[in-house]
Number of protein chains: 2
Amino acid sequence: MFTGDGKGKSTAAFGMALRAYNQKFSIGVFQFVKSPKWKVGEEAVFTTLAGLEGAPAVEWHKMGQGWSWIKKKSDGIDPAEAAKQGWDEVKRRLANETHDFYLLDEFTYPIEWGWIDIDDVCHTLTHRPGTQHVVMTGRRAHPRLIEVADLVTEMRKIKHPMDEGRKGQKGIEW
Amino acid sequence: MFTGDGKGKSTAAFGMALRAYNQKFSIGVFQFVKSPKWKVGEEAVFTTLAGLEGAPAVEWHKMGQGWSWIKKKSDGIDPAEAAKQGWDEVKRRLANETHDFYLLDEFTYPIEWGWIDIDDVCHTLTHRPGTQHVVMTGRRAHPRLIEVADLVTEMRKIKHPMDEGRKGQKGIEW
């Protein structure tokens with residue numbers, strides 16, 4: 001679990017996915033964000049890595065454009081409904097032990113907004129079968145999420161260039 | 001700059017290197033650590049990435065085994081001397097604009113121990129030519145280092161499984 005206001009939460013989580021990849025872990029990335037523009041750099045590299053010989057499976061699913069496993073799509077899908085669909089799929093995969101490593105990016109927000117039930121999340125994580133690893137990111141992690149997590153790091157912002165009105169930079173911010 | 005006692009400093013820095021790679025930035029990784037065992041997962045993946053068609057240059061240098069550009073090696077090399085050699089090379093490369101992205105991993109320690117001069121580091125970073133990006137990791141970053149850095153995130157440990165005596169896990173800790 002990487003939480004807090006500082007930079008590096010998702011970046012650290014994707015860094016962990018790199019290690020998992022190197023150990024041939026099957027990886028499932030689930031981005032619980034609206035904008036499909038985010039983390040394109042990471043996605044491009046993992047797509048490349050997934051295509052190499054002997055590579056483990058790497059699946060990358062984004063809520064923003066509608067989850068890939070949902071056939072019927074509508075532009076006006078309710079984000080609360082979409083978030084719930086994402087979590088239901090993650091639950092199914094955890095039950096089936098589909099992946100070795102799950103990255104639930106920006107997962108704290110749909111919980112914060114009450115779209116995904118915190119009791120259900122805690123129960124599912126605590127009782128997940130096998131040795132599946134689940135890494136979550138996002139600000140203001142629910143205290144119960146911190147309770148069930150093994151490893152929690154808070155990223156605290158000490159200094160950020162955008163504080164001084166500077167713009168994000170290619171290759172650094174995205 | 002990623003500092004603090006929490007997990008994810010180097011992992012976040014390598015995640016940033018992923019983004020840099022995706023933007024075709026030339027990358028230089030310099031690990032200022034004694035043990036060559038660390039971060040082997042990341043190194044393996046970046047070595048793979050560097051070998052792909054159209055990939056930018058990725059160089060990976062480790063102090064632990066003696067820097068690769070130093071021909072004359074001795075097993076009993078003084079770590080203070082080795083750290084200084086590493087920094088001298090980084091300085092030369094910054095002056096020559098050799099890379100677009102530098103990762104100085106665990107760089108805060110040789111500074112803390114007085115092996116590398118903080119004035120020299122601050123002056124070199126402040127006056128580096130072009131648009132070279134430098135990312136540093138390590139605990140207890142020197143206050144002057146925080147001053148010259150654009151972006152500083154402190155990783156604060158909230159919870160770590162090893163606190164409860166559990167061992168590190170493959171694909172997660174390495």
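Residue numbers here run from 1 along each chain, matching the order of that chain's written sequence. Here chains are named by letter from A upward and ligands by number from 1 upward, in the order in which they appear as written. Per-residue local features are limited, in this predicted model, to residues with pLDDT of at least 70; the limit for side-chain atom pairs, both in listing and counting, is 80 or more; totals at the level of whole chains, interfaces and linings are taken over all residues. Side-chain numbers come from the whole structure's heavy atoms, not from hydrogens or water.

As for the packing of helix 3 (residues 79-96) of chain B against helix 5 (residues 118-126) of chain B
A packed helix pair is summarised by two numbers, namely the angle formed by the two axes and the spacing between the axes.
All names here are of chain B.
And step 1. The N-to-C vectors of helix 3 and helix 5 enclose an angle of 20°; their axes lie 11 Å apart at closest approach. With respect to their mutual orientation, helix 3 and helix 5 come out roughly parallel. With respect to the hand of their crossing, helix 3 and helix 5 are arranged in left-handed fashion. Contacts between helix 3 and helix 5 involve Trp87, Lys91 and Leu94 from the former and Asp120, Val121 and Thr124 from the latter.
And step 2. Split by residue class, the contact of helix 3 with helix 5 holds three nonpolar, one polar and two charged. Axis definition: a line fitted to C-alpha atoms, over the contacting stretch in the case of helices. Angles run 0 to 180 degrees between N-to-C directions. Every helix listed is a DSSP run of H or I at least four residues long, and every strand listed is a run of E at least two residues long, numbered separately from the N terminus. Angles are sorted into four bins: roughly parallel if under 35 degrees, roughly antiparallel if over 145, roughly perpendicular if 65 to 115, and oblique for all others. Whether a crossing is left-handed or right-handed is set by the direction in which the near helix is turned from the far one by less than a right angle, anticlockwise for left-handed and clockwise for right-handed. By definition in these notes, contact holds between two residues if any of their heavy atoms fall within 4.5 Å. Just so you know the grouping, Ala, Val, Leu, Ile, Met, Phe, Trp, Tyr, Cys and Pro go in nonpolar, Asp, Glu, Lys and Arg go in charged, and all remaining residues, Gly too, go in polar.

A word on unusual backbone geometry
And step 1. A positive phi is found at Arg140(A), a non-glycine position, where the angle reads about 45°.
And step 2. Looking at the secondary structure, you find Arg140(A) in the loop between strand 5 (133-136) and helix 6 (143-148).
And step 3. Within the chain, Lys24(B) stands out as a residue other than glycine whose phi angle is a positive 65°.
And step 4. With respect to the helices and strands, the residue Lys24(B) is situated in the loop between helix 1 (9-22) and strand 2 (27-31).

Considerations on the interface of chain B and chain A
And step 1. Each partner contributes residues to the interface: chain B has 49 residues there, and chain A has 49 residues.
And step 2. Of the roughly 4300 Å² buried at the junction of chain B and chain A (both faces included), carbon and sulfur atoms supply 61%.
And step 3. Take a side-chain nitrogen of Lys or Arg and a carboxyl oxygen of Asp or Glu: if they are within 4 Å of each other, that pair is a salt bridge. At the boundary of chain B with chain A, the tally comes to four salt bridges.
And step 4. With a shortest N-O distance of 2.8 Å, Arg19(A) and Glu42(B) are connected by a salt bridge.
And step 5. Nitrogen and oxygen atoms within 3.5 Å of one another constitute a polar contact, given that in protein one can donate a hydrogen and the other can accept it, and given that sequence-neighbouring residues count only through two side-chain atoms. For the pair chain B and chain A, the number of links is 18 residue pairs in polar contact (both at pLDDT 80 or more).
And step 6. For the side of chain B that touches chain A, the secondary-structure elements that each account for two or more residues are helix 1, helix 2 (40-50), helix 6 (143-148) and strand 6 (152-159) of chain B.
And step 7. In terms of residue count, the dominant contributor to the side of chain B that touches chain A is helix 1 of chain B (nine residues).
And step 8. Among the residues making up the side of chain B that touches chain A, the classes are represented as 24 nonpolar, 13 polar and twelve charged. Summed over both partners, the accessible surface that disappears when two parts come together, traced with a 1.4 Å probe, is what is meant by buried area.

A word on the pairing of strand 3 (residues 58-62) of chain B
All names here are of chain B.
And step 1. Across the five residues that make up strand 3, a large majority, four, are buried.
And step 2. With five bridges joining them, strand 2 and strand 3 adopt parallel strand pairing. Paired with Val29 across the strands is Trp60, a residue of strand 3. Working definition: with a 1.4 Å probe on protein chains only, accessible area under 20% of the residue-type maximum means buried, over 50% means exposed, and in between means partly exposed. The pairing criterion is simple: DSSP has to find at least two bridges between the two strands.

Side note on the confidence of the model for chain A
And step 1. Model confidence for chain A is summarised by a mean pLDDT of 89, while 89% of its residues fall at 70 or above.
And step 2. Scored by ipTM, the complex comes to 0.80, with pTM at 0.87. A residue's pLDDT is the confidence the predictor assigns to it, expressed on a 0 to 100 scale.

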